[in-house]
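If you want the building blocks of each chain, they are given just below.
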Amino acid sequence: MDGLDFDYIVPGQDYDIRDLSIETISQSGDAATARVAFVTMGEAVTLDYSLLRVDGRWLIDDTMYDGHSLAGDLAAPCQSD
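So, here is what we can say about the structure in this document. (Residues numbered from 1 in each chain as written. Predicted model: local features only at pLDDT ≥ 70, side-chain atom pairs only at ≥ 80, totals over all residues. Heavy atoms only, no water.)

Details of the pattern of salt bridges
Next up, step 1: All told, the structure shown has two salt bridges when counted by the stated rule.
Next up, step 2: Here Asp30 makes a salt bridge to Arg53, at a shortest N to O gap of 3.0 Å. Of the two residues, Asp30 sits in the loop between β1 (18–28) and β2 (31–40) while Arg53 sits in strand β3 (residues 43–54), which places them 23 residues apart along the sequence.
Next up, step 3: A relative accessible area of 46% places Asp30 in the partly exposed class.
Next up, step 4: With a shortest N-O distance of 2.7 Å, Arg35 and Asp48 are connected by a salt bridge. Here Asp48 lies in strand β3 and Arg35 lies in strand β2, a separation of 13 residues in the sequence.
Next up, step 5: You can call Arg35 partly exposed: its relative accessible area is 31%.
Next up, step 6: On the basis of relative accessible area, Asp48 is assigned to the buried category, the value being 17%. (Salt bridge = Lys/Arg side-chain N within 4 Å of Asp/Glu carboxyl O. Helix = DSSP H or I, 4+ residues; strand = E, 2+ residues; numbered from the N terminus. Buried < 20%, exposed > 50% of the residue type's maximum accessible area, 1.4 Å probe, protein only.)

Structural data, given as structure tokens:
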């Protein structure tokens, strides 16, 4: 993969978001996974968020979408054209 193939910013913007649902997929100690699903601009979007509890607050550790993780994509070496 030579670049990010989805926009991490746009799904978080309010473009007439409909049918929003948030559910806990798993939780163990200070780690959890939450699934957020919604429809925006006519497209169904599902994002999984890996969360870590730090000092009593839940922080996003990674974002997963369509088989890709933001952390993994950013950690992958760059490929030249």
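Structural notes on the sheet that holds strand β4 (residues 57–65)
Next up, step 1: Taken together, the five strands give an open sheet; going across it, the order is β1-β2-β3-β4-β5, and neighbouring strands pair in antiparallel fashion. Looking at strand neighbours, the two that pair on one side only are β1 and β5 (68–69), the edges of this open sheet. (Pairing = 2+ DSSP bridges.)

Some words on unusual backbone geometry
Next up, step 1: Although it is not a glycine, Asp55 adopts a positive phi angle of roughly 50 degrees.
Next up, step 2: Along the chain, the position of Asp55 falls in the loop between β3 and β4.

Topic: the pairing of β1
Next up, step 1: The element β1 is barely covered by neighbouring structure, given that only zero of its eleven residues are classed as buried.
Next up, step 2: Bridge count between β1 and β2: eight bridges; the pairing is antiparallel. Opposite Ser26, over in β2, you have Thr33 as the bridge partner.
Next up, step 3: The antiparallel hairpin formed by β1 and β2 contains two residues in its connecting segment, where Gly29 sits at a positive phi of about 60 degrees.

Topic: a nonpolar patch on the surface
Next up, step 1: Together, Leu52, Val54 and Leu59 line one region of the surface with nonpolar side chains, adding up to about 200 Å² of accessible area.
Next up, step 2: With respect to the helices and strands, Leu59 occurs in strand β4.
Next up, step 3: With relative accessibility at 33%, the residue Leu59 sits in the partly exposed group. (Patch = residues over 30% accessible without salt bridge, like charges linked within 9 Å, V, L, I, M, F, W, Y side chains within 5 Å. Areas by Shrake-Rupley, 256 points an atom, 1.4 Å probe, with all protein chains shown as cover.)

Just geometry here; none of it tells us what the structure is for.
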